[in-house]
Every structure is written in structure tokens, then in C-alpha cells.
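Coordinate inspection notes
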Amino acid sequence: MPTVTVNVNNVKINYIKQGAGNEAVVFVHGFAGGLRDWREPLNRLPKEYHAYALDLRGHGQSDKPGSYKLTEFVQDIYAFSQELGIGKFTYVGHSLGGKIGYQFALDHPDMLKAMVLAAPAPAHGFIPIDQQPGFLEMVTSAWGSPEGLRGFFGTTSKPPSEEVLNELINDAMDADPAAIAECAVWWISTNLEPQLGNIRVPTLIVAGAKDDLPIDCEERYANEINGCRFEVLEDDGHFLPIESPQKFVDLLTSFITEVNNG
């Protein structure tokens, strides 16, 4: 797979690309995931879409520099798009990639044509600092073994095939433990909700009705973003791009068409 070195600590980012044309889309995976999370949506994406999927720093085959601040992920994606000359693009993020998307839209609105977030991580800081140690211990324990990960990924509303499940487990095990720990901290504590009203990028939030993350919060975020569209997939949980890739791609492409015609 190709790589590109971005100018934030000279981090090497692993990525794939497909298609051609002017409709650029960048896919950003979730917590302890990897670019392979987007395999099925990419397989279903129209060929005229110029799509990129990347491994975030500390994940997959990208570099593991030991520092994993929210701002660094945002800077990496910005530099990634600049290095490859992508131009204005649609940002697509799942879970952790959704929270990164909120910050990216706040910091670099001129780079974005649109933003589509699948089961985005909570925008508000929902666990106080003094309650984090127990939560972090639970997270790092679950991500510390294939057995714990198998139990986590197996609880989706539509369990993946054994092949995909093994890929998810392998990607999670490849993640830098320091990335798991640091990302978990800002995933649960960084409060971006007061700034959501400043987002001026056409946005679609897609939630799964069977997700453990409360969809009423995601609907609240959508209401706080000017003109944001909100959709719920009734039969799906947290891993929407894996559970219902065709439904997700249909929503993504129809939204981009809507933005183009707007």
C-alpha cells in the first residue's frame, strides 16, 4: 500500500485510494480500527468517486510516534490532503473518526465540501476526570487480548464474518497501546459540543438504533449543527459501515448529490 509522510513529527501515513474524477472522499476509521474497516463501503462506491482511506497515526501500518492528541490527528489529515493534492473533499468518519471530524470541520472548514459521520463518538465530555481510571482500565483490558476484542466486536447487531472479525481483531491488536490509552482519554473527556454551532460544513450524521451510544445525544448534536441532516438505521449498531455497507453508501452518495445540487 502507498504511504505519505506528513509534516507533523514526520509521521508516515498508510493509505489506499481508488477511483478517479473530481468527487474526492476521505474515509477515517474509528477507535483501534484501520483502513480495512471501509473495505465494503469502498467496494460499493461509484467509480467516479476518488476515494482515500487511511490508517490514523498509531494504527494499522502507519507510524506509531507515541503522541496521540486530537489536534495531531486533525493536523495529520490536513497535511495528508495537502501532500496528495486532494483539494476540497467530503470527510467520512466513523466513531473516533467522527469526533476528529468535528474538530477538523472547526479548524479547516475551507477544506471540506461536506462531512458524513457514522455513529460519531460523543461530542461532549461525558466522564469526569476523577471517574476515568476505572473506565480506562476497562478499555485497555478489552483491547489487550484477542479474546476481549472478539467479545467486543461480536456484540454488533449483525456479527461480521469470521474473516472480517479476524481483521478487526488484528487491526486492534496492531494499534499502539499508547494510542489506545490517549485516544480513550480525549474520546470521553474532550467537550466539543459548545462549538458545534460554529460548524458551517454541510453535515450528515448517521446513527444506529441498536448502538450502545445513545442516539438521542447524536440527534442533539445534529440539531446543534446548522442544517445538519440526521438519519437512523433501525437494524444497526455501532459499526454501521460494516453492518450495512450498502445502506451507508446509499446515504453517503445521496447526500453528496444533494450538496452538489444545493
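As shown above, the structure is provided for reference.
Residues numbered from 1 in each chain as written. Predicted model: local features only at pLDDT ≥ 70, side-chain atom pairs only at ≥ 80, totals over all residues. Heavy atoms only, no water.

**Here we look at the state of the cysteines**
- Counted by the stated rule, this structure contains 0 disulfides.
- Sulfur of cysteine 217: no disulfide; nearest cysteine sulfur belongs to cysteine 228 and is 14 Å away.
- Classification of cysteine 217 by relative accessible area gives buried; the value is 13%. (Disulfide = S-S within 2.5 Å. Buried < 20%, exposed > 50% of the residue type's maximum accessible area, 1.4 Å probe, protein only.)

**Let's talk about the pairing of strand S5 (residues 89-94)**
- Counting buried residues along S5, 6 of its 6 residues qualify, which places the element largely inside the surrounding structure.
- Residue alternation in S5 divides its side chains into two sets, Phe89, Tyr91 and Gly93 and Thr90, Val92 and His94, and both sets are buried.
- Strand direction decides the pairing type here: strand S3 (residues 23-28) and S5, joined by 4 bridges, are parallel. Considered in S5, the bridge of valine 26 is made with tyrosine 91. (Helix = DSSP H or I, 4+ residues; strand = E, 2+ residues; numbered from the N terminus. Pairing = 2+ DSSP bridges.)

**Comments concerning helix H7 (residues 177-189)**
- Across its 13 residues, H7 extends 19 Å between first and last C-alpha, which sits within 8% of the 18 Å expected from 1.5 Å per residue.
- Burial in H7 covers these residues: Ala179, Ile180, Cys183, Ala184, Trp186, Trp187 and Ile188. (Expected span 1.5 Å × (residues − 1).)

**Side note on helix H2 (residues 70-83)**
- With 14 residues, H2 should cover 20 Å at 1.5 Å per step; its first-to-last C-alpha distance of 20 Å lies within 8% of that length.
- Residues of H2 that are buried: Leu70, Glu72, Phe73, Val74, Asp76, Ile77, Ala79, Phe80 and Ser81.
- One or two residues past the end of H2 sits glycine 85, with phi positive at roughly 60°.

**Concerning the pairing of S3**
- Burial analysis of S3 places 6 of its 6 residues in the buried class, which makes it a mostly covered element.
- Along S3, one buried face is formed by Glu23, Val25 and Phe27 and the opposite face, lined by Ala24, Val26 and Val28, is buried too.
- Each parallel crossover has a hand, and the one from S3 via helix H1 (residues 39-44) to strand S4 (residues 49-54) is right-handed. (Right-handed = clockwise from strand over helix to strand, strands pointing away.)

**Let's talk about the packing of aromatic side chains**
- Summed over the entire model, instances satisfying the criterion amount to 9 aromatic pairs.
- On the basis of an interplanar angle of 80° and a centroid distance of 5.3 Å, the ring pair of tyrosine 15 and phenylalanine 80 is categorised as edge-to-face. Note that tyrosine 15 is positioned in strand S2 (residues 12-18) and phenylalanine 80 in helix H2, a separation of 65 residues in sequence.
- Centre to centre, the rings of tyrosine 52 and phenylalanine 80 are 6.3 Å apart; their planes meet at 90°, and the pair counts as edge-to-face. (Phe/Tyr/Trp six-rings, centres within 6.5 Å; stacked < 30°, edge-to-face > 60°.)

**Describing the layout of surface pockets**
- As a volume, the second largest pocket reaches approximately 170 Å³.
- Taken together, 16 residues make up the lining of the second largest pocket; nearest its centre are Arg39, Glu40, Pro160, Val164 and Ile242.
- Elements with a minimum of two residues in the lining of the second largest pocket: H1, helix H6 (162-174) and helix H9 (240-243).
- Counting residues per element, the lining of the second largest pocket draws most heavily on H6, at 4 residues.
- Looking at the lining of the second largest pocket residue by residue, the classes come out as 7 nonpolar, 1 polar and 8 charged. (1 Å grid on protein atoms, 1.4 Å probe; cavity = no way out; pocket = protein on both sides within 12 Å on 5 of 7 lines; lining within 4 Å. Points joined across faces, edges and corners; volume = space filled by probe spheres on them. Nonpolar A, V, L, I, M, F, W, Y, C, P; charged D, E, K, R; others polar.)

**Details of the pattern of salt bridges**
- One pass over the full model with this rule turns up 11 salt bridges.
- Note that glutamate 40 and arginine 44 form a salt bridge whose closest N and O atoms lie 2.5 Å from each other. One end of the pair, glutamate 40, and the other, arginine 44, are both in helix H1, 4 residues apart, so they sit about a helical turn from each other.
- Given the relative accessible area of 29%, glutamate 40 is considered partly exposed.
- Counted as one network, the salt bridges with shared partners bring together Arg39, Glu40, Arg44, Glu163 and Glu167. (Salt bridge = Lys/Arg side-chain N within 4 Å of Asp/Glu carboxyl O.)

**A word on unusual backbone geometry**
- Here the phi dihedral of alanine 32 falls at roughly 60°; this positive angle occurs in a residue that is not glycine.
- Structurally, alanine 32 can be placed in the loop between S3 and H1.
- Phi is positive for serine 95, which is not a glycine, with a value near 55°.
- Within the secondary structure, serine 95 is located in the loop between S5 and helix H3 (96-107).
- Residue serine 95 is classed as buried on the basis of its relative accessible area of 4%.

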